[in-house]
Amino acid sequence: MLILENIRLALGALRANKMRALLTMLGIIIGIGSVIAIMTVSESLTTSISVSFQEMGANNVVVGVKQKSEEAEERQNGMKFGASNRAVSADEEDLITDEMVAKLKRTFPEEIAAVAISESVAEGTVKSGSNTANISVSGINEDYFKSADVTLLAGRRIKEQDLEGKKKVIMVSDQAVENIFDGDNQKALSQKISVDMDGVYYDYYIVGVYKHEENGSFSSSSDEDAATEAYIPLTTGKEQIRASEGYNYLTVVTAADIADVSGFADEIERFFAPYYKANEDYEISTSTMESMTESLNEMIRTVTIAIAFIAGISLLVGGIGVMNIMLVSVTERTREIGTRKALGAKNSSIRLQFIVEAVTLCLVGGCLGISLGLILGSAAANILGYSAAAPAAAIVFAVGFSMVIGIFFGYYPANKAARMDPIEALRFE
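This one's a predicted model, so the numbers in the text were calculated from it and none came from an experiment.

### With respect to the side chain of threonine 236
So, point 1. Residue placement: threonine 236 occurs in helix α7 (residues 234-241).
So, point 2. A relative accessible area of 0% means that threonine 236 is categorised as buried.
So, point 3. Within polar-contact distance, the side chain of threonine 236 engages the backbone oxygen of lysine 167 at 2.8 Å.

Here it is, written out as structure tokens:
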């Protein structure tokens, strides 16, 4: 009950001196508001980056054939020699085979959602009268669309039947359709096009049109002349360029509930290890975007903490202001303190009263600072184009830190009041 009574007295003192209390709290309001605003923008940026990487395939594992390190080669006699710096070209027996892919899927049925494979075929030009469109042809399998963000506008995607029959079908971008068929996606479907690839013409039938998305890379060509991706069945593409029966790399799309993608990538490497144990030149290596995401988020957090620390210096100024005003309050209420002590009030009761008043002052300033920080942080995040995400931990920390400031900077004035001589206090004018 004593604490509640002290809180009531503290709130009454704030109401009696509104302007003085507001000016005292100003440093705390600005300090906590700045920290909350910075943390809100940081949290929004981190969330946006995580979502962007997720859309780009942050949970995907890229599996590729990599030349073995030659820093130390072990010979049959057990001796090791330094690297020879030899360049070795991957042969067909070094590549990942369809049998390996099938067994990988059987080994990890719960962890693997899809295995996406693509292979660059060639760049070419499609001509229709005086109209032309530049395309970059890639052979893909059906699972490719589970790893790539491709928005279908008309028709269908490449299917397994297309791969089995090595069909001459193709998916083109809406930009290519704009150049050749005046942007009529429906008209483009089922149309036969001839693609000039280094002087050799290949015929395909359009089965689908997808939305072309700019990737942000620089191109010296105009938007109309820039080459856009076109997709054909992987088997068709391999037959066209007479490629080896195997793959240099592929993308494993993990299940949504996989928490440790990097750990699963290590499991994939261990799966392929027996296949390449006897291979002197090549091994399987994996990479994920998870580590890149973590590194980027860690960098953002480090910068945020540094900026928040600088902004938090104003909290020190605010704490000094609280101590100053509490000393003034103790001086103004000297006779009141003397009267209370003369009536039997303990030193601990006097000390508690002024500490509670200082804590209340800081808590009110902290709440106002949190409100200001959330408003400023949300506005800044929206201006930057991110959805505002206020970190709950930062809000709890702000409230707790406000209490710590009140106790730390309020203790000296409170202790000074508690140690007053009641006779001297009653004589004070």
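### With respect to empty space enclosed by the protein
So, point 1. Scanning all chains against the criterion turns up one cavity of 30 Å³ or more.
So, point 2. By volume, the largest cavity amounts to about 30 Å³.
So, point 3. Residue lining of the largest cavity: Val126, Val172, Ile180, Phe181, Ile193 and Ile206, and that is the complete set.
So, point 4. Residue classes in the lining of the largest cavity are distributed as six nonpolar, no polar and no charged.

### A short note on the sheet that holds strand β1 (residues 60-67)
Each strand in a sheet pairs with its neighbour through backbone hydrogen bonds, running either in the same direction (parallel) or in the opposite one (antiparallel).
So, point 1. Judged by pairing direction, the sheet is antiparallel, and its four strands sit side by side in the order β4-β12-β1-β13 without closing on themselves. At either margin of the open sheet sits one strand with a lone partner, and together these are β4 (112-116) and β13 (282-288). Each neighbouring strand pair of the sheet contributes to a mean axis angle of 25°, computed without reference to strand direction.
So, point 2. One ladder, built from five bridges, connects β1 with strand β12 (residues 249-254); its direction is antiparallel.

### Here we look at the packing of aromatic side chains
So, point 1. Enumeration over the complete set of coordinates arrives at 10 aromatic pairs.
So, point 2. Ring centres 5.8 Å apart and planes at 55° place the aromatic pair phenylalanine 271 and tyrosine 275 in the tilted group. Here tyrosine 275 and phenylalanine 271 lie together in helix α8 (residues 261-276), a separation of four residues that amounts to about one turn.
So, point 3. Look at phenylalanine 271 and you get buried, because its relative accessible area is 12%.
So, point 4. Ring centres 5.0 Å apart and planes at 85° place the aromatic pair phenylalanine 408 and phenylalanine 409 in the edge-to-face group.
So, point 5. In this structure an aromatic cluster arises from ring pairing among Phe108, Phe264, Phe271, Phe272 and Tyr275.
So, point 6. If you follow arginine 157 out to its NZ or CZ, it ends over the ring of phenylalanine 145, 5.4 Å from the centre.

### Let's talk about the packing of helix α11 (residues 334-342) against helix α12 (residues 347-384)
Think of two packed helices as two axes; the pair is described by the angle between the axes and how far apart they sit.
So, point 1. Between α11 and α12, whose axes approach to 10 Å, the crossing angle comes to 145°. Taken as a pair, α11 and α12 cross one another with a handedness that is right-handed. Side by side, α11 and α12 meet where Glu336, Ile337, Arg340 and Lys341 of the first sit next to Asn347, Ser349, Ile350, Gln353 and Phe354 of the second.
So, point 2. Tallied by class, the residues present in the contact of α11 with α12 amount to three nonpolar, three polar and three charged.

### As for the packing of helix α10 (residues 313-332) against α12
So, point 1. Where α10 contacts α12, the two axes come as close as 11 Å, and the packing angle between them is 140°. By the angle between their directions, the pair α10 and α12 is classed as oblique. As α10 packs across α12, the resulting crossing turns out to be right-handed. Two secondary-structure elements touch here, α10 through Val322, Ile325, Met326, Ser329 and Val330 and α12 through Phe354, Glu357, Ala358, Leu361 and Cys362.

### Focus: a negative patch on the surface
So, point 1. On the surface, Asp91, Glu92, Glu93, Asp98, Glu99 and Glu245 cluster together into a patch of negative charge.
So, point 2. Along the polypeptide, glutamate 245 turns up in the loop between α7 and β12.

### A short note on unusual backbone geometry
So, point 1. Positive phi values are uncommon outside glycine, yet lysine 166 reaches one of about 50°.
So, point 2. Here lysine 166 shows up in the loop between α4 (160-164) and β8 (169-173).
So, point 3. The class of lysine 166 is partly exposed, set by a relative accessible area of 39%.
So, point 4. Even without a glycine there, the phi angle at aspartate 198 is positive, about 55°.
So, point 5. Mapped onto the fold, aspartate 198 is located in the loop between β9 (192-197) and β10 (200-210).

### Focus: α12
So, point 1. Here α12 is 38 residues long and its end C-alpha atoms lie 54 Å apart, about the 56 Å a rise of 1.5 Å per residue gives.
So, point 2. The positive-phi residue at the C-terminal boundary of α12 is glycine 385, with phi of around 90°.

### Regarding α7
So, point 1. Among all positions of α7, only Leu234, Thr236, Gly237, Lys238 and Gln240 are buried.
So, point 2. Buried positions along α7 lie against β5 (118-128), β6 (131-140), α4, β9, β10 and β11 (228-233).
So, point 3. Two residues or fewer after α7 comes arginine 242, characterised by a positive phi angle close to 55°.

What counts, and at which threshold
- Residues numbered from 1 in each chain as written.
- Predicted model: local features only at pLDDT ≥ 70, side-chain atom pairs only at ≥ 80, totals over all residues.
- Heavy atoms only, no water.
- Helix = DSSP H or I, 4+ residues; strand = E, 2+ residues; numbered from the N terminus.
- Buried < 20%, exposed > 50% of the residue type's maximum accessible area, 1.4 Å probe, protein only.
- Polar contact = N/O pair within 3.5 Å; in protein donor to acceptor, adjacent residues only side chain to side chain.
- 1 Å grid on protein atoms, 1.4 Å probe; cavity = no way out; pocket = protein on both sides within 12 Å on 5 of 7 lines; lining within 4 Å.
- Points joined across faces, edges and corners; volume = space filled by probe spheres on them.
- Nonpolar A, V, L, I, M, F, W, Y, C, P; charged D, E, K, R; others polar.
- Pairing = 2+ DSSP bridges.
- Axes fitted to C-alpha atoms, helices over the stretch in contact; angles between N-to-C directions.
- Phe/Tyr/Trp six-rings, centres within 6.5 Å; stacked < 30°, edge-to-face > 60°.
- Lys NZ or Arg CZ within 6 Å of the ring centre and 35° of its normal.
- Left-handed = near helix turned anticlockwise from the far one by under 90°.
- Contact = heavy atoms within 4.5 Å.
- Parallel < 35°, antiparallel > 145°, perpendicular 65-115°, else oblique.
- Patch = residues over 30% accessible without salt bridge, like charges linked within 9 Å, V, L, I, M, F, W, Y side chains within 5 Å.
- Areas by Shrake-Rupley, 256 points an atom, 1.4 Å probe, with all protein chains shown as cover.
- Salt bridge = Lys/Arg side-chain N within 4 Å of Asp/Glu carboxyl O.
- Lys, Arg positive; Asp, Glu negative; His and termini not counted.
- Charge placed at Lys NZ, Arg CZ, Asp CG, Glu CD.
- Expected span 1.5 Å × (residues − 1).

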